[in-house]
Each structure stands twice: as C-alpha cells, then as structure tokens.
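Now for the letters of each chain:
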Amino acid sequence: MRPAERPVSTVSRHFQNRVRSAATPEDRTFLRNRVLVCPNQASRHASSYRHRVVITGIGVVCPLGTGTALVWDRLLRGHSGLVALDRDEYASVPCRVAALVPRGDAEGHFMEEIFVSRRELRNMSPATVMALGAAQLALEDSGWYPRTPEEQLMTGVAVGTGMVSLEEIARTCSLFTEKGYSRVSPFFVPRILVNMAAGHISIRHGLKGPNHAVSTACATGAHAVGDAARFIAHGDASHITAPTADGDGAFRCMSAALKDAGLSPADVTYVNAHATSTPLGDAAENAAIKRLFEWSAGPLAVSSTKGATGHLLGAAGALEVAFTALACYHGAMPPTLNLDRTEPHFNLNYVPCTAQPWLTQGRRVALCNSFGFGGTNASLCLSNMTSEF
C-alpha cells in the first residue's frame, strides 16, 4: 500500500506465466478498482497532511491455495483448507486436522521453486519463502515495479510473523546435543528471526523505504497492514491493549478505527470477526459488536473465515484483511463455515455456511478485527471505491 497517486504492493520479479493459479488475466487485474483503507479524507488531523491509502494488489498463500482469484472463489464456494493429520508422525497428537498450505505442482498449490532458488531454500525458513511468494503475487497484481531510486526510496515493507519456526529450533537443538556445535548451520539465527521475511522482500526488490516487522500474537497480520497504512499516511500508530471480559477493549478498538476513518457505526454493514471459536473470546467480541452497533445492527452481517483457513496466528489478520477487501470489491460476504447453531445472545446475521450477497445502499464499508493474546487488538476499516472516492 502507498499513496493513491502511485499504486504499489510489495514484490515482483520473474513471476511471468509460471504460476498456474495466479497468472490469469483475472488475477493480474483483480483490484484495478481499488479498495480503500481509512477511506474518508475528512479524518485527516488538522495539524498534518495525510495521504489517502489504498490497496492496489493482493497476493495470497494460504490453506485454500495460492493465487488471489482461485482462493477467493474457493472461499465463496464453501471450500475448506483443513486436512486430516493421518501420517504416523502425528499419531500422538490429539487434534486430527490442520490447515496446511498445499504444496506441489497442482493448480493452486505453492511451488517454492517459482519464487526462490534451491540455494535460497537452504537459507530461508518456509515462512519467509511463503512471504516472498505472497509479496510477489501482490506486486504482480498491482503492476507496481519500483525501479528508480525515488520509487525504491518511497516503497517500504511491513510483514507480520506470529512465531518463529519451532521445527528449525528443535532440529538445531538435536544436532547441537548429539553432534556438537560444528553441525549447527550458520543460517540458523537468520532462519528464526521474525524480521527476516521483511528483510528478504526488501533485498530481493531493492526497496529502501520503511522496513518493518511486527509480532503481536493473533493481531500480527492486521497490525502489519495497519502500520503500513500509517507509514503511508504519515500518522502515528496507536493500538488498544487492555481488553476486559465484556469486550470493552474490542469495542474501543473498533470505535477508534471508525473515528480514524471519519465514519460512524451506521456506515458499516459487514464485520470480518476475529472469532476463533473460543467461547469466552467469541462472546466478548459479539458483545462488543452489538454494543457498537446498538442503533444500527439491523443490516449488519458478521462472519469469520477461520472455518475455511484455520487460525493462522500471525498471518490471520493479513489474510482476513485480504478477504475483507475482496468482499468490499465484489459485493459478496464470505460464509462462516460449520455454523449450524448459536447461543441465544448470538442473534446477528453471522452468514452461516453459505456466502451472501452484500446488499447495501452506497459504499460497502467493513471492519476487520484481530485480537491477540495479552490484549493486543487491531481493527481496520475498509470500503470499496466509488466515484466520490
């Protein structure tokens, strides 16, 4: 994301026609009609100019597949990216399902060799490789190729990483214990640093603007997007960090997002909820939403896409922002999978099991929530572009 007068994403190089799921004309022009973040310019602070911030490209690598158009289609069709853990190595694990990024050469599968060389594979964690892939897809989608020194200086990277690779740490610990220090890879530390994905993206494409990495539990991805937007808008980051059982932190966070966007609750007709299917967490978020939209909850719809992707921890917020942006653009609200019943106090439209058309007068305005452990909350406000914006 960057100022509206010049579109951007985060990566692009030798992509061309090698990605089956994302090389279609539909993917390359997916967001030519841009989706806004903090859409109302009236929310500028009187003391300083703020650029309008827009999303011009989206790249997706997730359990539903690789490639924006393909993943969006699968989401709306009610597909699930969860798979059975039936290999022997998982025999002792109580949970028998997981949301894994499909890899291989089938349609929509992630092919590491498309985005990095074999040598780079040895030096990078799987998360970094996927970040490079998603960023390259985003840049390809936006058509932004920063080549001049000026363009490179004004193009930054913000990446969220929920946690480092535990497999890498466990493997290195075993090698050190059994075979000594000489068997520890010199790339061990770079492979586990949370900021390496942002670093590799910047190096790959010569991006010399802000280089930012964030790790704030389940709010990581949303914070990365929000921080990037504030870098562009020249504002100060501000996150709400004191939740209570009644959802007051979530309420204040959503309220702050609307204030920053210069909007009222009556303008919002869709919320992409954090909704991790934990009884206390879901109840608190639901209470906060109902409190915020007390006088305008009639047309409001709320859904969670985690039933299709699983809870991706640090990546959850960024992916859900992408889904929310696509919902704003296409006028379709993704479903909450597997929702066949609710408690009495859950009495809103939660888009159960099947996608619904987003019917509203005027702009389609949404909130996207991410609430992390320790009270780290993020709410982002997005809308579709109209002739007035």
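Everything below is about the structure printed above this text.
If you're wondering where the values come from, they're calculated on a predicted model, not measured in any experiment.

A. Spatial organisation of a nonpolar patch on the surface. A contiguous nonpolar patch, built from Met163, Leu166, Ile169 and Leu313 and spanning about 350 Å² of accessible area, is present on the exposed surface. Of note, Ile169 is situated in helix α7 (residues 166-179). Given a relative accessible area of 33%, Ile169 falls into the partly exposed group.

B. A look at the side chain of Thr336. With respect to the helices, strands and loops of the structure, Thr336 is situated in the loop between β12 (332-333) and β13 (356-357). Among the residues examined, Thr336 registers a relative accessible area of 14% and is labelled buried. Here Ser304 takes part through its backbone nitrogen, which lies 3.1 Å from a polar atom of the side chain of Thr336.

C. Seen up close, the environment of Ala287. With respect to the helices and strands, the residue Ala287 is situated in helix α12 (residues 279-292). Judged by relative accessible area, Ala287 falls into the partly exposed class, the value being 34%. The sequence separation of Ala287 and Asp246 amounts to 41 residues, and the corresponding C-alpha distance is 6.7 Å.

D. Structural detail: the pattern of salt bridges. Within this structure, the stated rule accounts for 11 salt bridges. A salt bridge links Arg103 to Glu112; the shortest N-O distance between them is 2.9 Å. In this structure Arg103 comes out as partly exposed when scored by relative accessible area, which is 42%. By relative accessible area, which is 18% here, Glu112 ends up buried. A salt bridge links Arg252 to Asp248; the nearest nitrogen and oxygen atoms lie 2.9 Å apart.

E. Spatial organisation of helix α2 (residues 68-76). Of all the nine residues making up α2, seven are buried; the element is thus mostly covered by neighbouring parts of the structure. Listed as buried for α2 are Thr68, Ala69, Leu70, Val71, Trp72, Arg74 and Leu75. A positive backbone phi angle near 80 degrees is found at Gly78, which sits one or two residues after α2.

F. Spotlight on the pairing of strand β14 (residues 365-372). Counting buried positions along β14 gives eight out of eight residues, so the element sits mostly inside the fold. Of the two faces of β14, the one holding Val365, Leu367, Asn369 and Phe371 and the one holding Ala366, Cys368, Ser370 and Gly372 are both buried throughout. Note: strand β10 (residues 270-272) against β14, three bridges, orientation parallel. Residue pairing across strands places Val271 opposite Leu367, the latter belonging to β14.

G. Main features of the pairing of strand β8 (residues 157-160). Going residue by residue along β8, you find Val157 and Val159 tucked away on one face and Ala158 and Gly160 left uncovered on the opposite face. With four bridges connecting them, β8 and strand β9 (residues 211-214) associate as parallel partners. Bridged to Gly160 within β9 is Val214.

About the thresholds
Residues numbered from 1 in each chain as written. Predicted model: local features only at pLDDT ≥ 70, side-chain atom pairs only at ≥ 80, totals over all residues. Heavy atoms only, no water. Patch = residues over 30% accessible without salt bridge, like charges linked within 9 Å, V, L, I, M, F, W, Y side chains within 5 Å. Areas by Shrake-Rupley, 256 points an atom, 1.4 Å probe, with all protein chains shown as cover. Salt bridge = Lys/Arg side-chain N within 4 Å of Asp/Glu carboxyl O. Helix = DSSP H or I, 4+ residues; strand = E, 2+ residues; numbered from the N terminus. Buried < 20%, exposed > 50% of the residue type's maximum accessible area, 1.4 Å probe, protein only. Polar contact = N/O pair within 3.5 Å; in protein donor to acceptor, adjacent residues only side chain to side chain. Pairing = 2+ DSSP bridges.

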